[in-house]
Structure formats: C-alpha cells, structure tokens
Number of protein chains: 4
Amino acid sequence: MKTRIQAMLSAHPQPQALFDQEALAECIAACMECAQACGACADACLGEPEHLAHLLRCIRMNLDCADICAATARILSRLTAPDQNLLRTQLQACVAACKACGDECQRHASEMHMQHCALCAESCQQCEAACAALLGRVTESADHSRAAVQPY
Amino acid sequence: MKTRIQAMLSAHPQPQALFDQEALAECIAACMECAQACGACADACLGEPEHLAHLLRCIRMNLDCADICAATARILSRLTAPDQNLLRTQLQACVAACKACGDECQRHASEMHMQHCALCAESCQQCEAACAALLGRVTESADHSRAAVQPY
Amino acid sequence: MKTRIQAMLSAHPQPQALFDQEALAECIAACMECAQACGACADACLGEPEHLAHLLRCIRMNLDCADICAATARILSRLTAPDQNLLRTQLQACVAACKACGDECQRHASEMHMQHCALCAESCQQCEAACAALLGRVTESADHSRAAVQPY
Amino acid sequence: MKTRIQAMLSAHPQPQALFDQEALAECIAACMECAQACGACADACLGEPEHLAHLLRCIRMNLDCADICAATARILSRLTAPDQNLLRTQLQACVAACKACGDECQRHASEMHMQHCALCAESCQQCEAACAALLGRVTESADHSRAAVQPY
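Residues numbered from 1 in each chain as written. Chains lettered and ligands numbered in written order. Predicted model: local features only at pLDDT ≥ 70, side-chain atom pairs only at ≥ 80, totals over all residues. Heavy atoms only, no water.

Looking up chain A in an unreviewed UniProt entry gives the name Four-helix bundle copper-binding protein, with the organism given as Deinococcus malanensis.

Below is the structure:
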C-alpha cells in the first residue's frame, strides 16, 4: 500500500515541500488501514452477543475513528494548495480519535482477550503516531501558513 | 432537513445532555448543507474554463471542506457514549475548514462574481458559526468529560 | 435543503440536460436525509439494550445504506461530464440499499413500535422513490449515453 | 494491507460463508487502493495547467470512482447479516465506476504519457477485476440469498 501511495505522490506534477514524502505516504497508509480496522472492529463487536452490552462505546469510537481517518487520508492525498491550519486541526482530530478508539479497544483486548480489538488498537496506535509525526511539520503559526485564522 | 434531524434526535432511546438539541440539529444540518455546497462548488469551478487556473485552491478547499463537514455530520448524529476530546477537535477541524473554504469562495464571489462561490461561502459561514456554537459546550477537559458523559 | 441544492445546481456554469433539475435536487436531498437518518438509526439501535440482539441486521443495513446514499448524493451533485452507466448502476445500488434498509426498519417500526426505525423507514422509502424516478432518465445504453452526454 | 485485512476478517466472531476469505480481503484492499489512487489522480490533474482543459472528465471520473470504491470497501468489511442484493448492485456500481475511470485514465496515460493516470488506470483495472470476481459469488436471487445468509 505504502509503495503505491508513494508512487502516486511522486507522479504529481507539482512539488510539495510541506511533508517528507515517505512520512506522508506512511501516514496516508496508516489512516486507511485504521479506517478499515475500525469499520471491521465495529462489525465484529456486533457479532459478540455475550459482550455486546460492554462494547457499545467501542462501536461508537470505531465508527467515529473510521470516519475521521478516512477523511484524513483523502485530505493528505491532495498536494494542491494546502491550508496548513486546516491540515493541523485535521491531524489533531485524527490523533484524538485514534487515542480514544485505541484506548477503548486496548481495554477490551486486555480484559476480554478480543482479537479484533487487539488488532484495531494496534492500527489506532500506528495511525496516531503517524499523524503526530506529521503534526510536527505543520507549525502552529497560522500566519506562516495562512494569516489570522485561529480563534479557537 | 433540520426538522427531520430533530425528530431522529428525539427518537433516540438514550438521553444526551451534552448539547442543546436544537443547536445540535442546526449544526448537523449546516454540516450536511455545507458538504453538498462544497462538492457542487468544486464541480462548478471545473466548468469555468476561463477562470479555472485561478480556482485550483478553491477546488482543493471545497474538497477538503466537504470531507470534513460530512464526517462531522456523521459524528454529531451519534449520541451513544461520546468522547468530548474527539468532538472538540473534530469541531475545531470543521471550523478551520469552513473558514479556509469560506474565505476562498468569498474572494471569488466578490472579485469574479461567481454565484456558486457566493452560495458556497454562505454555507461555509453558517457551518462555521454552528460548529463554533457547539464548541462552547465541549470543555477542554477530556478526563472530566469522560467521567461526566459515559453511561457505558 | 432542496431549495439550496437547486440554487447550487442553477449556479453551475455548464448546462446539464440529463435530469430534470427539480427531480435531481429532490433526489440529492433525499439521499442526504436518508444517509443522516440511517446513521442516527444505527446509533439509536445501540441504545436499545433489551432489543439489541434483534437489531443487528438493522444496524448493518443502516450503515451500508448510509454509505451508499452519501456516495450517491456526492455523485449526483456533480454535473461535469457524467457517465450514464456509472450513474445508472449507482442509482440501482442506492435503490437496493434503501429497499433492504427500509424493509428492515419498517418491520421494527411495526412489530416493536420503534420510532427511530419508523422515521428511518420513511426516509428510505422516499430516497428509493427519488432514485427510481431518476433511473428512468438514464438509459441502459452506455455507448449511446457517452456519445450524447460528454461535452469534453 | 491485504494481510491486515485478512487478520481482521479472521478475528470476526461470526463465520461468513458468502465469499472466499482471501478473495474478499483482496477486493477490500483493491477498493481502498483504488479510492486513494483516484483521489490522488484528481489532485494531480489539477496540477497540469497545460492539459487541464482535457482532464475535466478524468477529474470527474476520479472523484466518482473514489466515492464508490470507498463505500464498497466499507460495506465489504462488514460480515454481519449481509444483504446479497445490496452487495450485488454495489459491486456492479463499483465495476462500472472502475471501468469508466480506468478507461479515461488509460487514454491519458497512452496519449499524454501521464504517469499519475497510468498508475490510477492500473488500480482501477485491479479493482474492477477483484469486484467482478466477487460478483460471481453473489447470485441474482435476493430471496434465496436472504434465506441462506441471515444468521440473525
């Protein structure tokens, strides 16, 4: 996956200097993997009749995290005229979603030995780390990127 | 749209105390309207052969904003076991996207009298305001929020 | 919602002759409303602890239908250089999803008096009808459609 | 990617007999790869100022195909209580989108030697083949399928 994503990034006619290309490809792949794992984990939780009552928050976190990771992957795949403030807040939302979902899944992996939650927690942790790595590159200085945009 | 969304919120078997229900329905509707306007504006920009070169950033902002608004609408439509830190960062990302896209569209509406950009700027501004209104309700304290909000 | 969608359609610089504009706006609005209702119904089902075991198929249909309706709304919102074969099969998928989800929800509305399922069934039925109405306009002949529709 | 998807499929508590598991993982991976390639190709086309006027249909097909492939990947990742008629029409829509987009990209790869279009065409062709392979497994008889597949 990462190799293909890198090939697409390299084929883009306009250069992008915002991110290291390998770190960018890594993060796009991690977001996509996490979105898939979260969607599959939500569905696997539905298949646990004895534990379902304890998995409602897990399903909710899975669905939220899948939506945010999918949006992040799409946005990071675009190189044309990026907005740094938008990228920064989106990466922060993705970190928050992966943290919330990863913690929840990790708990069910540890306490109930659920393999789908263990795999999903791993994907969430990798995606959180990959987004955090890119975040370092998008400076907090809104002016740098795009003037006085941040009231929040 | 808002009426239907409110009916769905009212039909939910579990109470939610996080947001004022009308403000929540307003924000979900604004996110959906904005996602539609942004997708349509990106496509309308492709139909402007004489101005296309000046509209590349507009198309990029439209596509990013549509993805973020669509994810926000989905997430806000879920009432089960919310995570306040996730909600807060997602609303911040949505505010940033609507600001970036709304400003860009507003510029083309003013300078080039593009009607699709004028309509899209209006949707972005309404969505930004609706998300900012909800943001006030989600405190920064993630721990406090988890303690207070999770019934599961 | 429909009024705004129609305004965006009217502001498009390129004419589209494929669909009646009001029917198109109606269908885009119905797809968006159905996507929201399905996402909210899936979450509401999670809030029914006593009935959850009987609602697993409903949740699955809700999630599938929400994804398909959201994609349909996005695709129909684009007027540039449509592909009739793609439009036709996407509308068929949307009809199938709305039928499956609407039937499932209708059953829970009738048998268990679930208000969220009743509302969702109504949205599914409206979306199914709106998509079926557009389907009549997209002929089966893909070659003919490409010749007739592509200005690019 | 495929390995991870297979691990998630294997961790699901409920068995699925509808598809060969490897073919299913292959198809989910192909849909995700194609969605990413299409999104990246649309953006790369925006970076071709000299050819942009000839790439409008390509961008449109890219965006449609990305939306449909992403929805297909999500739906195929769910194993709970599938609806065969829904799966069949969704796979058909995905085949149609990949065919339309792949043909368009192949043309630009051949005539204009665009590397991003060549890579995207390859992803479209692989996804089309993977979806066609699964389609063989989903019979036309919706009633028969419902009887055979629903454990709920």
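What follows picks up the thread again.
Caption draft 1: Spotlight on the environment of R57 of chain A. Residues and elements named next belong to chain A. Within the fold, R57 resides in helix α3 (residues 56–76). Sequence separation between R57 and L46 is eleven residues, and the spatial gap between their C-alpha atoms is 12 Å. A distance of 2.5 Å separates the side chain of R57 from the side chain of E104, its partner in a polar contact. (Helix = DSSP H or I, 4+ residues; strand = E, 2+ residues; numbered from the N terminus. Polar contact = N/O pair within 3.5 Å; in protein donor to acceptor, adjacent residues only side chain to side chain.)

Caption draft 2: A look at the interface of chain B and chain A. Counting residues at the interface gives 35 residues for chain B, matched by 31 residues for chain A. Roughly 2,900 Å² is buried in total at the junction of chain B and chain A, and carbon and sulfur atoms are behind 60% of that figure. For the chain B face of the interface with chain A, the top three residues by lost area are R60, R78 and L86 of chain B, together amounting to 21%. Scanning the region where chain B abuts chain A turns up eight salt bridges. Linking chain B to chain A there are 14 residue pairs in polar contact (both at pLDDT 80 or more). Counting residues per element, the side of chain B that touches chain A draws most heavily on helix α4 (residues 84–112) of chain B, which supplies 13 residues. Of the residues in the side of chain B that touches chain A, the class split is 19 nonpolar, six polar and ten charged. (Contact = heavy atoms within 4.5 Å. Buried area = accessible area lost by both parts, 1.4 Å probe. Salt bridge = Lys/Arg side-chain N within 4 Å of Asp/Glu carboxyl O. Nonpolar A, V, L, I, M, F, W, Y, C, P; charged D, E, K, R; others polar.)

Caption draft 3: Fine view of the side chain of D64 of chain C. Structurally, D64 of chain C can be placed in helix α3 (residues 56–76). Beyond its immediate stretch of four places on either side in the chain, D64 of chain C contacts I75, R78 and L86 of chain D.

Caption draft 4: Quick peek at the environment of R57 of chain D. Using a relative accessible area of 3% as the deciding quantity, one classes R57 of chain D as buried. Here the side chain of R57 of chain D touches D83 of chain C through a polar contact of 3.0 Å, side chain to side chain. (Buried < 20%, exposed > 50% of the residue type's maximum accessible area, 1.4 Å probe, protein only.)

Caption draft 5: Spotlight on the relation of the copies chain D and chain B. Mapping chain D onto chain B is achieved by rotating through 180° and translating by 0.0 Å along the same axis, at an RMSD of 0.0 Å. On the angle and the small slide along the axis, the relation comes out as a two-fold axis. Taking C-alpha positions as the reference, the residue of chain D nearest the rotation axis is L52 of chain D, at 4.3 Å. (Least-squares fit on C-alpha atoms with pLDDT ≥ 70 in both.)

Caption draft 6: Quick peek at the side chain of Q36 of chain B. Along the polypeptide, Q36 of chain B turns up in helix α2 (residues 21–46). Classification of Q36 of chain B by relative accessible area gives buried; the value is 5%. Polar contacts involving the side chain of Q36 of chain B include one to the side chain of S77 of chain C, which spans 3.1 Å. Non-local contacts of Q36 of chain B, meaning those with residues more than four positions away in its chain, are made with I5, M8, I28, M32 and S77 of chain C.

Caption draft 7: Inspection of the interface of chain D and chain B at higher detail. Of the residues lining the interface, eight residues belong to chain D; the matching set on chain B comes to eight residues. Here chain D meets chain B over a buried area of about 660 Å², counting both sides, of which 76% is carbon and sulfur. The tally of links from chain D across to chain B stands at zero salt bridges. At the boundary of chain D with chain B, the tally comes to zero residue pairs in polar contact (both at pLDDT 80 or more). The dominant element in the side of chain D that touches chain B, judged by the number of residues it contributes, is helix α3 (residues 56–76) of chain D, at five residues. Among the residues forming the side of chain D that touches chain B, the class breakdown is five nonpolar, no polar and three charged.

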